[in-house]
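Residue-level listing of the chains:
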Amino acid sequence: MTAEVVYGTHPVREALRGRREVLRVYCSDRAARGADWLPAGVAVVSAERLSELAGSEDHQGLVAEVTPYPYVDASRLLERDRALLVALDEVTDPHNLGAVARVCEGAGADGLLITRRRSAAVTAAVCRASAGAVEHLEIAQVENLADMLIRARRPGLWSYAADAEGDLPYDRNDYRDGTVFVLGAEGRGLRPRVRDSCDTAATIPMRGRVESLNVGTAAAVLLFEAVRQRRGG
């Protein structure tokens with residue numbers, strides 16, 4: 001088993017609280033004095049050594065070696081009663097994936113679906129961008145997103161393409177049943193076959209001069225509208 005690393009205060013702290021095993025923690029002397037949540041036996045090393053371990057200077061004095069990220073099976077997420085999910089169509093930017101993961105975890109979504117190919121995977125950079133949220137969020141990799149959306153169709157589970165040419169404004173749809181929000185990469189958006197595999201679309205009307213929101217912000221708008229509806233808002 002090959003160890004991976006996470007770095008930064010929030011990613012390391014959430015890794016210690018999360019699902020995967022933390023093999024070893026390295027920290028600077030300053031971080032050791034300021035973080036009373038660190039376990040016993042941490043290795044105090046130089047900033048240069050931390051940068052070497054992290055592959056980045058943006059480590060905030062903390063690096064942890066961890067077991068590989070524990071992806072889950074997509075069917076485990078899709079079969080849940082009244083599932084609330086986000087699916088990303090070939091989003092390659094680690095910062096965007098991390099931002100969406102943080103939104104999903106914060107909104108209490110059941111999970112996140114990403115494509116196995118031509119997509120960012122959960123790396124140290126994604127952990128950092130998510131502020132450690134990936135450690136608590138269930139994420140599944142799928143081979144073919146369009147085929148998965150078609151196979152997942154059933155009463156009580158609806159897929160909504162985030163699309164500027166959508167059928168209805170996002171707040172006119174009913175998300176109280178099982179819901180999958182499907183979002184594409186910035187710039188290109190959803191691939192046509194993925195868009196056509198969704199049950200319908202949800203449009204976020206833009207009032208200013210820019211054409212669209214970034215994928216993390218769009219996910220937040222859609223997810224928290226679903227949360228509002230499910231709470232009887």
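It should be emphasised that the depicted structure is a prediction, and the values quoted were computed from it without experimental measurement.

1. Remarks on unusual backbone geometry
Link 1 in the chain: Notably, Arg82 is not glycine yet its phi reads approximately 55°, a positive angle.
Link 2 in the chain: At Arg118, a residue that is not glycine, the phi angle is positive and equals roughly 50°.
Link 3 in the chain: Residue Arg118 is classed as exposed on the basis of its relative accessible area of 55%.

2. Focus on the sheet that holds strand β4 (residues 62-66)
Link 1 in the chain: Read across the open sheet, the four strands follow the order β1-β4-β2-β3; overall the sheet is mixed. The outermost strands of the open sheet, each flanked by one partner alone, are β1 (4-7) and β3 (43-44).
Link 2 in the chain: Pairing of strand β2 (residues 22-27) with β3 involves two bridges; the strand directions are parallel. Its bridge partner being in β3, Cys27 is matched across the sheet by Val44.
Link 3 in the chain: In the packing of helix α3 (residues 47-54) onto the sheet, the strands contacted are β1, β2 and β4, and the crossing angle to β4 comes to about 40°.

3. Notes on the state of the cysteines
Link 1 in the chain: Per the counting criterion, the structure on display carries zero disulfides.
Link 2 in the chain: Cysteine Cys27 is unpaired, with the sulfur of Cys127 as its nearest cysteine sulfur at 19 Å.
Link 3 in the chain: Its relative accessible area of 0% is what places Cys27 among the buried residues.
Link 4 in the chain: For the unlinked cysteine Cys127, the closest cysteine sulfur is that of Cys104, found at 15 Å.

4. Some words on the sheet that holds strand β5 (residues 84-89)
Link 1 in the chain: If you trace the seven strands from one edge of the open sheet to the other, you get β7-β6-β5-β10-β8-β11-β9, paired in parallel fashion. At either margin of the open sheet sits one strand with a lone partner, and together these are β7 (139-142) and β9 (168-169).
Link 2 in the chain: Relative to strand β6 (residues 111-115), helix α5 (residues 94-107) is tilted by about 155°, and along the sheet it contacts β5 and β6.

5. Thoughts on the packing of aromatic side chains
Link 1 in the chain: What the rule picks out here adds up to four aromatic pairs.
Link 2 in the chain: On the basis of an interplanar angle of 85° and a centroid distance of 5.0 Å, the ring pair of Tyr160 and Tyr175 is categorised as edge-to-face. Highlighted residues: Tyr160 in strand β8 (residues 157-162) and Tyr175 in the loop between β9 and β10 (178-184), separated in sequence by 15 residues. When sorted by exposure, Tyr160 lands in the same class as Tyr175, which is buried.

6. Digging into α3
Link 1 in the chain: Turning to α3, its buried residues number three or more, namely Leu50, Ser51, Leu53 and Ala54. Along the long axis of α3, the arc covered by the buried residues comes to 165°, so they all point the same way. Across from the buried face of α3, at angles greater than 90 degrees, the exposed residues are Glu48 and Glu52.
Link 2 in the chain: Gly55 sits one or two residues past α3 and shows a positive phi near 75°.

7. Let's talk about the packing of α5 against helix α9 (residues 215-230)
Link 1 in the chain: Packing of α5 against α9 leaves a shortest axis separation of 8 Å and a crossing angle of 15°. One way to sum up the angle between α5 and α9 is to call them roughly parallel. Between α5 and α9 lies a crossing of right-handed hand. Residues Asn96, Ala99, Val100, Val103, Cys104, Gly106 and Ala107 of α5 form the contact with α9, whose own contacting residues are Val215, Gly216, Ala219, Ala220, Leu223, Phe224 and Val227.
Link 2 in the chain: Residue composition of the contact of α5 with α9, by class: 11 nonpolar, three polar and no charged.

8. Description of the pattern of salt bridges
Pairing between side chains of opposite charge can happen when the charged atoms of each approach one another.
Link 1 in the chain: The tally for this structure, following the rule as stated, stands at 20 salt bridges.
Link 2 in the chain: For Arg33, the salt bridge is made with Asp29, and the minimal N-O distance between the two is 2.1 Å. Here the residue Arg33 and the residue Asp29 both occupy positions in helix α2 (residues 29-34), the gap between them amounting to four residues, near one helical turn.
Link 3 in the chain: Between Glu90 and Arg191 there is a salt bridge, and its shortest N-O distance comes to 3.2 Å. Note that Glu90 is positioned in the loop between β5 and α5 and Arg191 in the loop between β10 and α8 (192-197), a separation of 101 residues in sequence.
Link 4 in the chain: Among the residues examined, Glu90 registers a relative accessible area of 7% and is labelled buried.
Link 5 in the chain: The exposure class assigned to Arg191 is partly exposed, which follows from its relative accessible area of 26%.
Link 6 in the chain: One salt-bridge network, held together by shared partners, links Asp89, Glu90, Arg118, Arg188 and Arg191.

Scoring rules and cut-offs
Residues numbered from 1 in each chain as written. Predicted model: local features only at pLDDT ≥ 70, side-chain atom pairs only at ≥ 80, totals over all residues. Heavy atoms only, no water. Buried < 20%, exposed > 50% of the residue type's maximum accessible area, 1.4 Å probe, protein only. Pairing = 2+ DSSP bridges. Helix = DSSP H or I, 4+ residues; strand = E, 2+ residues; numbered from the N terminus. Contact = heavy atoms within 4.5 Å. Axes fitted to C-alpha atoms, helices over the stretch in contact; angles between N-to-C directions. Disulfide = S-S within 2.5 Å. Phe/Tyr/Trp six-rings, centres within 6.5 Å; stacked < 30°, edge-to-face > 60°. Arc of directions from axis to C-beta. Parallel < 35°, antiparallel > 145°, perpendicular 65-115°, else oblique. Left-handed = near helix turned anticlockwise from the far one by under 90°. Nonpolar A, V, L, I, M, F, W, Y, C, P; charged D, E, K, R; others polar. Salt bridge = Lys/Arg side-chain N within 4 Å of Asp/Glu carboxyl O.

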